[in-house]
Amino acid sequence: MSTAGPDRSWDVRAWITGTGTASATPAGTARTDRSGHFRLRPTQQPGPDEAFYVTATPAGQPGAFTTLAAVSPAIPGRLTVNERTTVATGYAMAQFLDGTSIAGRAPGVRGAAMMAANLADPVSGRLGTTLTSPPNGSATSTLGAFISLTNALAACTSGADGCGALRSATTTPLSGRPANLIESMAHMAKSPEHDPAGLFGVALRRPVNPGGLPLPPVAWTLALRFDGGGGLLSGPGNFVVGSDGDIWVNSNYEFNADPRTPVCGSKYLFRFAPDGKLRGGRPITGGGLSGAGYGITRDHGGNIWVANFGFAAPAPGCPANLQPPHNSMSKFSPQGQALSPASGFTRGAMDWPQGMTTDRNGSIWAANCASNSLTVYPGGDPSRARNIKVGVEQPFHVVDNGRALFVSGLESSSIAMLDLDGRPLRAPITGPHVDNPLGLATDARGNVWIANSGVITMPCPDRPTGTGSFGSVSALDPAGKRLVGPLRGGGSPSRGASPPTVTATSGWATSPASASPSSAVRTPRPARPASAPATRSRPTSPATSSTASPGARDSPWTPRAMCGSPTIGKRSRSRPTPAACRSSPSSARPHPSH
């Protein structure tokens, strides 16, 4: 035990969790001496899908608010419990925590324990290596935010007044009043936007750890970047969570340290362990990978499918003989072995394919942006491939909500609703809640959530033009009726920004723009430069770029009319000419897939 408070004795309890039972299993107890040292001999060992954690409360005060914790995927020979490990435990275990009990199904809990170690080392109690090292460290605000949170806990471990202030600042409408320090951090993980200034004020009460934030943040979000070691990942398009908790990320482009350098399409698929480390130390190749875009899905057997949109800079940036096709899918086993041929699976008239899904019957679907159609492999069998006209223009993503298939139409600003045979169940859904829709997601109730870009166009291969609006989020009920939206604000991307892809179950996100071309978590980028084609054209391959540098690159994700393009039936809005439209370099490489 090592806290900012006075020397005292602590009661330490050990637990094993991750088996899916309603509560954790006790694994031993100990009491520290007044200097904080303790010796605990665990009565059980965690299994391969489980994790080990300890809680510590002031001696003789069970249920005290001043309860700290540390978590580890295995039992270490030495364990430190302090404010840092408590922040890491609260954030990583937020969705599994109830009071001081951590419980959940494999592989979630163990994966979260692995991620916690990136924030704070459970052995030494010091800041985690991932948190303090590139592409994190001083390159992002996460390190400063984490240190400020540890100072907020130090205000409580040092005195009762600090505990009262911390408890008040972390009482949220979503989660209520925290019962202990671990829950206070879990509450902020779930509601990071809640009263940032209030919690910042608590952190200033006891700033024992230097390096905290100088000003209150917009939200207490702790985001870590992962790049596979650097020099490989460029333009992460989308991801899917594997059956073992790994994160599979498709990649748009070859890596180049200078993001202004035109390059060809990536031939890599990245598999990250739950702690963010690249499995095997290298990306996966083969199976026909060629400039993958947004499309990636996991089938019922745990296999990973990728749609090869064919991102690449136009010739001569990417030589003509290296230009990728735009007509294939790739398939990989759960272990990463290529199961598709060297040219990928090409049946089903795929045509610049983007989003994918696996339906409830195990069929694989891909949205063909260029031909306004879907390709389906019934039961995952390419020999039975079918191509189905979908009734929307530039279909981008497809999901199955358990009742129907929903397909977003980017250019037509509409959503198709189909049965599992591809037959329309109704006319396409339109309205103010459907505005240049990109990604779709379903929740446990079968509602369908829509990421409306409002401004983005895409060359597949034709790029439409028009007047843009604003990004928003909307939702449909399971029957396709408007449930909520359009919702704006709350961190939504601004005009000209590329919306991130997120998942609520894993906490991972990919976004194409960043000061670094290889980060797996990125920030919005500005509009494309004026040198890029603004009207309909038929490029050999979409011209885009993989990182944010204002006015530096062309993007297939081009905001409508940001550089004075004519309208195509969208409502007109006046706005100043962006700097990116006033000047730009003559050569550019394409921007990643969202």
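Refer to the structure printed above.
A few points on the structure. (Residues numbered from 1 in each chain as written. Predicted model: local features only at pLDDT ≥ 70, side-chain atom pairs only at ≥ 80, totals over all residues. Heavy atoms only, no water.)

## Some points on the overall build of the chain
Counting its regular elements, the chain contains eight helices and 27 strands. Per-residue burial over the chain gives 58% buried out of 594 residues. In the chain, of all internal contacts separated by at least 6 residues, the share reaching a separation of at least 24 is 61%. Summing over all exposed atoms, the chain offers an accessible surface of approximately 22,500 Å²; the carbon and sulfur share of this is 51%. (Helix = DSSP H or I, 4+ residues; strand = E, 2+ residues; numbered from the N terminus. Buried < 20%, exposed > 50% of the residue type's maximum accessible area, 1.4 Å probe, protein only. Contact = heavy atoms within 4.5 Å. Areas by Shrake-Rupley, 256 points an atom, 1.4 Å probe, with all protein chains shown as cover.)

## Description of the nonpolar core
Formed by 74 residues in total, the largest nonpolar core has its most connected members in L166, L199 and W220. In this structure L166 touches F65, A152, L153, C156, L181, S184, L199 and V202, once residues within four positions along its chain are discounted. Counting 14 residues, the second-largest nonpolar core is a separate cluster that includes W352, L410, V455 and C460. (Core = buried A, V, L, I, M, F, W, Y, C linked by side-chain atoms within 4.5 Å.)

## Digging into the packing of aromatic side chains
Going through the model one piece at a time under the given rule, you end up with ten aromatic pairs. Their ring planes at 15 degrees and their centres at 6.2 Å tell us that F270 and F272 sit as a pair that is stacked. Side by side, F270 and F272 carry an identical accessibility label, which is buried. Aromatic pair F309 and F311: ring centres 4.7 Å apart, planes at 40 degrees, arrangement tilted. Of the two residues, F309 and F311, neither departs from the other in class, the shared state being buried. Taken together through their ring pairs, the aromatic side chains of Y253, F309, F311 and W352 make up a single cluster. (Phe/Tyr/Trp six-rings, centres within 6.5 Å; stacked < 30°, edge-to-face > 60°.)

## As for the sheet that holds strand 10 (residues 296-298)
An order of 10-11-12 is seen for the three strands of this open sheet, with the pairing classed as antiparallel. Both outer strands of the open sheet, strand 10 and strand 12 (328-332), are each paired with one neighbouring strand and no more. Put simply, the sheet's adjacent strands are angled 20 degrees from each other on average, direction ignored. (Pairing = 2+ DSSP bridges. Axes fitted to C-alpha atoms, helices over the stretch in contact; angles between N-to-C directions.)

## Overview of the environment of V392
Its place among the elements puts V392 in the loop between strand 16 (386-389) and strand 17 (395-400). C-alpha separation for the pair V392 and S408, spaced 16 residues apart in sequence, amounts to 7.5 Å. What V392 contacts, discounting residues up to four positions off in sequence, is N372, V407, S408, G409, S412, S414, I415, A416 and P428.

## Topic: helix 4 (residues 142-157)
In this model helix 4 runs 23 Å from its N-terminal to its C-terminal C-alpha over 16 residues, within 8% of the 22 Å that 1.5 Å per residue would give. The element helix 4 is extensively covered by neighbouring structure, given that 16 of its 16 residues are classed as buried. (Expected span 1.5 Å × (residues − 1).)

## Here's the deal with the side chain of T358
Along the chain, T358 falls in strand 13 (residues 353-358). Only 2.9 Å separates the side chain of T358 from the side chain of T297, close enough to count as a polar contact. Among the polar contacts listed, one links the side chain of T358 to the backbone oxygen of R298, at a separation of 3.0 Å. Discounting chain neighbours no more than four positions away, the residues touching T358 are T297, R298, D299, H300, S363 and I364. (Polar contact = N/O pair within 3.5 Å; in protein donor to acceptor, adjacent residues only side chain to side chain.)

## Thoughts on the pattern of salt bridges
Taken as a whole, this structure holds eight salt bridges when the rule is applied. Across the pair D11 and R31 runs a salt bridge whose closest N-O atoms are separated by 2.6 Å. With a gap of 20 residues between them, D11 in strand 1 (residues 10-17) and R31 in strand 2 (residues 25-31) connect regions that are remote in the sequence. Accessibility expressed as a relative area gives 12% for D11, which makes it buried. Its salt-bridge partner being R423, residue D419 comes within 3.1 Å of it at the nearest N-O pair. (Salt bridge = Lys/Arg side-chain N within 4 Å of Asp/Glu carboxyl O.)

## Looking at the sheet that holds strand 24 (residues 482-487)
Within a sheet, each strand pairs with its neighbour through backbone hydrogen bonds, oriented either parallel or antiparallel. Taken together, four strands build an open sheet; the order of strands is 20-21-23-24 and the sheet is antiparallel. Edge positions in the sheet fall to strand 20 (437-442) and strand 24, since each has one partner strand and no second. Strand-to-strand twist in this sheet, taken as the mean axis angle between neighbours without regard to direction, amounts to 15 degrees. Here three bridges tie strand 23 (residues 472-476) to strand 24, and the two strands are oriented antiparallel to one another. Bridge pairing in strand 24 places V473 opposite L487.

## Describing the state of the cysteines
Here the structure, examined in full by the defined rule, presents three disulfides. With its sulfur 2.1 Å from that of its partner, C264 forms a disulfide with C318. Judged by the sign of its S-S torsion, about 105 degrees, the cystine formed by C264 and C318 is right-handed. Placement of the pair is C264 in the loop between strand 8 (247-251) and strand 9 (269-272) and C318 in the loop between strand 11 (304-308) and strand 12, with a sequence separation of 54 residues. Considered together, C264 and C318 belong to a single accessibility category, that of buried residues. The side chain of C369 participates in a disulfide bridge whose partner is C460; the two sulfur atoms lie 1.8 Å from each other. Here C369, found in the loop between strand 14 (364-368) and strand 15 (373-377), pairs with C460, found in the loop between strand 22 (456-457) and strand 23; they are 91 residues apart in sequence, far enough to count as distant. Here C369 falls in the buried class, since its relative accessible area comes to 1%. (Disulfide = S-S within 2.5 Å.)

## Digging into unusual backbone geometry
Here the bond from A106 into P107 is cis, since omega is 5 degrees, no more than 30 degrees from zero. Residue placement: P107 occurs in the loop between strand 6 (101-102) and helix 2 (108-119). The omega torsion across P134 and P135 is 5 degrees, close enough to zero to call that bond cis. One can find P135 in the loop between helix 3 (129-132) and helix 4. Its identity is not glycine, yet A349 carries a phi of approximately 55 degrees, on the positive side. Structurally, A349 is set in the loop between strand 12 and strand 13. If you check the backbone angles, S413 has positive phi at about 50 degrees while not being a glycine. Mapped onto the fold, S413 is located in the loop between strand 18 (405-409) and strand 19 (414-418). The class of S413 is buried, set by a relative accessible area of 11%.

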